[in-house]
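Analysis of the macromolecular model
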Number of protein chains: 2
Amino acid sequence: MRTAFYISDGTALTSETFGHAILSLFPVEVKHRTLSFIDDENKARLAVEEINAEFAAQGEKPLIFHTIIDPMIKNIVTSSQAVAFDFLDHYVAPVQAELGVEPQPRTNRTHGIHQDYSFRIDAVDYTLANDDGVTTKNYPEADIILVGASRTGKTPTCLYLALQYGVKAANYPLTEEDMADLSLPSDLKMHRHKLFGLTIDATRLQQIRDNRMANSRYASTEQCEKEVEHIESMYRREAIPYLNSTHASVEEIAAKIMAITKLKRYRY
Amino acid sequence: MRTAFYISDGTALTSETFGHAILSLFPVEVKHRTLSFIDDENKARLAVEEINAEFAAQGEKPLIFHTIIDPMIKNIVTSSQAVAFDFLDHYVAPVQAELGVEPQPRTNRTHGIHQDYSFRIDAVDYTLANDDGVTTKNYPEADIILVGASRTGKTPTCLYLALQYGVKAANYPLTEEDMADLSLPSDLKMHRHKLFGLTIDATRLQQIRDNRMANSRYASTEQCEKEVEHIESMYRREAIPYLNSTHASVEEIAAKIMAITKLKRYRY
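Residues numbered from 1 in each chain as written. Chains lettered and ligands numbered in written order. Predicted model: local features only at pLDDT ≥ 70, side-chain atom pairs only at ≥ 80, totals over all residues. Heavy atoms only, no water.

Comments concerning unusual backbone geometry
- One non-glycine residue, Asn215(A), lies in positive phi territory at about 60°.
- Along the chain, the position of Asn215(A) falls in the loop between helix 9 (202-212) and helix 10 (221-238).
- Its identity as a non-glycine residue notwithstanding, Asp132(B) has a phi of 60°, on the positive side.
- Its place among the elements puts Asp132(B) in the loop between helix 5 (117-129) and strand 5 (144-148). (Helix = DSSP H or I, 4+ residues; strand = E, 2+ residues; numbered from the N terminus.)

Written out as structure tokens, the structure reads:
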């Protein structure tokens with residue numbers, strides 16, 4: 001099997017994104033290996049040893065996706081027995097021509113601390129303190145309040161919104177009691193402009209719940225179908241925007257919510 | 001000011017990473033705008049209207065960083081009054097030559113649901129249930145247990161480890177009582193091979209705590225200095241690997257921990 005190395009003088013998050021985006025176009029299985037914080041010549045030489053050992057073991061040249069700026073370190077890494085793809089190579093010159101400004105590369109700049117960094121930590125704190133409907137008293141400070149049945153992905157989505165986008169995301173689980181009179185719980189009514197609903201196919205909900213509480217009423221087909229039906233009809237009646245999380249990853253749900261609500265984000 | 005557009009038929013996370021990595025090399029201020037899920041011709045035409053309006057407003061051509069595969073949609077978007085950079089353009093042909101395989105592009109492939117997706121959700125569940133030392137009984141299932149003084153970044157780091165890498169990360173706050181006898185709490189002793197310490201400069205810790213509880217003993221300079229000193233000396237004595245989070249983002253701390261511990265990750 002072919003091995004792909006993601007190499008950087010920093011977190012390697014950019015190199016990973018770069019390599020995955022390219023490799024995901026090809027129907028091949030690849031072994032992945034990240035070498036982060038390769039920021040001196042000694043580490044670069046150790047990386048080369050590992051790359052060459054992988055070539056010897058697999059019999060095929062590894063692929064290297066990298067974002068290394070320092071020319072000495074880059075020279076060492078690309079002297080290995082691999083095919084190297086330099087993410088910055090192709091774009092710096094044309095962007096420079098368009099901007100009319102010289103680049104000022106610094107090591108490990110992309111994923112370092114930004115000025116607006118504390119927004120994200122504050123957002124994570126907020127999201128944890130307002131998870132799963134434990135309290136509704138902080139909803140005036142929420143940027144968004146996710147609602148939905150239990151196990152539709154509210155909590156991971158809220159955490160991703162906070163960590164990736166710096167958004168203060170609360171969430172409130174809609175329960176059978178909430179649905180009993182088929183109307184919005186009163187704590188939510190006054191914040192309805194911040195509500196966003198999640199839903200999920202009943203068969204998938206049933207599987208997820210069954211993994212957690214096998215053979216319970218909570219995980220029964222009837223219960224899941226009833227909850228989903230009631231909640232979706234409530235979303236429509238109350239004109240709450242919502243989306244179905246069945247076939248979506250946390251990243252996709254969060255990005256869709258950002259696109260639909262046009263929420264301000266604190267980090268780019 | 002120049003405007004940068006990040007455009008994709010999916011989450012646009014790759015386009016954002018691509019554009020940020022390039023732009024972070026240049027000392028220019030840029031206005032950012034993400035257009036995600038541009039997956040039909042109508043949305044593409046609306047995107048063009050927005051890009052052209054931005055050109056009219058700013059008087060400088062916007063920069064477009066995109067990952068659009070569909071040729072019709074790509075043609076529409078790149079017909080706008082902007083300078084477009086295509087992330088896939090330069091790399092697909094050389095990677096294809098090396099792999100000897102035709103690409104099979106699918107829309108929105110990179111950040112969709114993977115087979116190992118449930119690992120990440122399970123990891124988030126685990127991390128939330130084992131945050132802040134609320135319980136130690138699940139430590140046998142932990143991949144890693146972060147320890148450190150209050151407000152050193154344990155919780156956001158654990159959540160990032162779970163969401164990004166699918167790692168089950170518990171965390172345990174080291175308190176004054178824990179430090180009183182200058183030894184590791186007994187609940188931690190039996191899991192010492194999973195421990196990883198965070199520390200922080202005392203002056204920065206003091207600032208962070210003062211923002212939360214101004215003029216408290218918890219936020220006093222003396223208290224912060226004493227805690228940091230005791231905890232760091234304990235890390236050294238007990239040979240617990242640790243790092244200083246003062247100048248590091250959550251992404252950097254998490255990536256460093258992954259590099260140092262060589263933890264298995266469930267997502268690439």
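Things to note about the sheet that holds strand 7 (residues 195-199) of chain B
All names here are of chain B.
- Taken in spatial order, the four strands line up as 6-5-7-8 in an open sheet, and their pairing is parallel. Each having just a single partner strand, strand 6 (169-173) and strand 8 (242-244) make up the two edges of the open sheet. Between one strand and the next, the sheet's axes are offset by a mean angle of 25°, whatever the strand orientation.
- In this sheet, strand 7 lies alongside strand 5 in parallel orientation, the contact comprising three bridges. Within the sheet, the bridge partner assigned to isoleucine 145 lies in strand 7 and is leucine 195.
- Across the sheet, helix 10 (residues 221-238) touches strand 5, strand 7 and strand 8, and the angle it forms with strand 7 is around 150°. (Pairing = 2+ DSSP bridges. Axes fitted to C-alpha atoms, helices over the stretch in contact; angles between N-to-C directions. Contact = heavy atoms within 4.5 Å.)

Examining the relation of the copies chain A and chain B
- Note on the identical chains: chain A maps onto chain B by a rotation of 180° and an axial translation of 0.0 Å, with an RMSD of 0.0 Å. Such a combination of turn and shift is consistent with a two-fold rotation axis.
- A share of 100% of interface residues in chain A that are also interface residues in chain B marks the association as one of identical surfaces. (Least-squares fit on C-alpha atoms with pLDDT ≥ 70 in both.)

Looking at the interface of chain A and chain B
- Facing 79 residues of chain A, the contacting portion of chain B comprises 79 residues.
- Together, the buried faces of chain A and chain B total about 7,000 Å²; carbon and sulfur atoms form 70% of this surface.
- Here chain A and chain B share 10 salt bridges between them.
- Of the charged contacts in the structure, one is a salt bridge between Arg151(B) and Asp125(A), with a shortest N-O distance of 2.6 Å.
- Inspection of the region where chain A meets chain B yields 14 residue pairs in polar contact (both at pLDDT 80 or more).
- A per-class count over the side of chain A that touches chain B returns 41 nonpolar, 20 polar and 18 charged. (Buried area = accessible area lost by both parts, 1.4 Å probe. Salt bridge = Lys/Arg side-chain N within 4 Å of Asp/Glu carboxyl O. Polar contact = N/O pair within 3.5 Å; in protein donor to acceptor, adjacent residues only side chain to side chain. Nonpolar A, V, L, I, M, F, W, Y, C, P; charged D, E, K, R; others polar.)

With respect to the UniProt feature "binding site: ADP" (unreviewed entry) in chain A
All names here are of chain A.
- In the numbering used here, UniProt assigns the "binding site: ADP" (unreviewed entry) feature to Gly148, Ala149, Ser150, Arg151, Thr152, Gly153, Lys154 and Thr155.
- You can see glycine 153 is positioned in the loop between strand 5 (144-148) and helix 6 (154-165).
- By relative accessible area, glycine 153 is classed as partly exposed at 24%. (UniProt positions renumbered as here; feature names shortened; annotations may be inferred. Buried < 20%, exposed > 50% of the residue type's maximum accessible area, 1.4 Å probe, protein only.)

Section: the packing of helix 2 (residues 41-58) of chain B against helix 3 (residues 71-78) of chain B
Residue and element names in this part refer to chain B.
- Closest axis-to-axis distance for the helix 2/helix 3 pair is 8 Å, and the angle between their directions is 15°. One way to sum up the angle between helix 2 and helix 3 is to call them roughly parallel. Crossing of helix 2 against helix 3: the hand is right-handed. Across the interface between the two elements, Glu41, Ala44, Arg45 and Val48 from helix 2 touch Met72, Ile73, Ile76 and Val77 from helix 3.
- For the contact of helix 2 with helix 3, the per-class residue count stands at six nonpolar, no polar and two charged. (Parallel < 35°, antiparallel > 145°, perpendicular 65-115°, else oblique. Left-handed = near helix turned anticlockwise from the far one by under 90°.)

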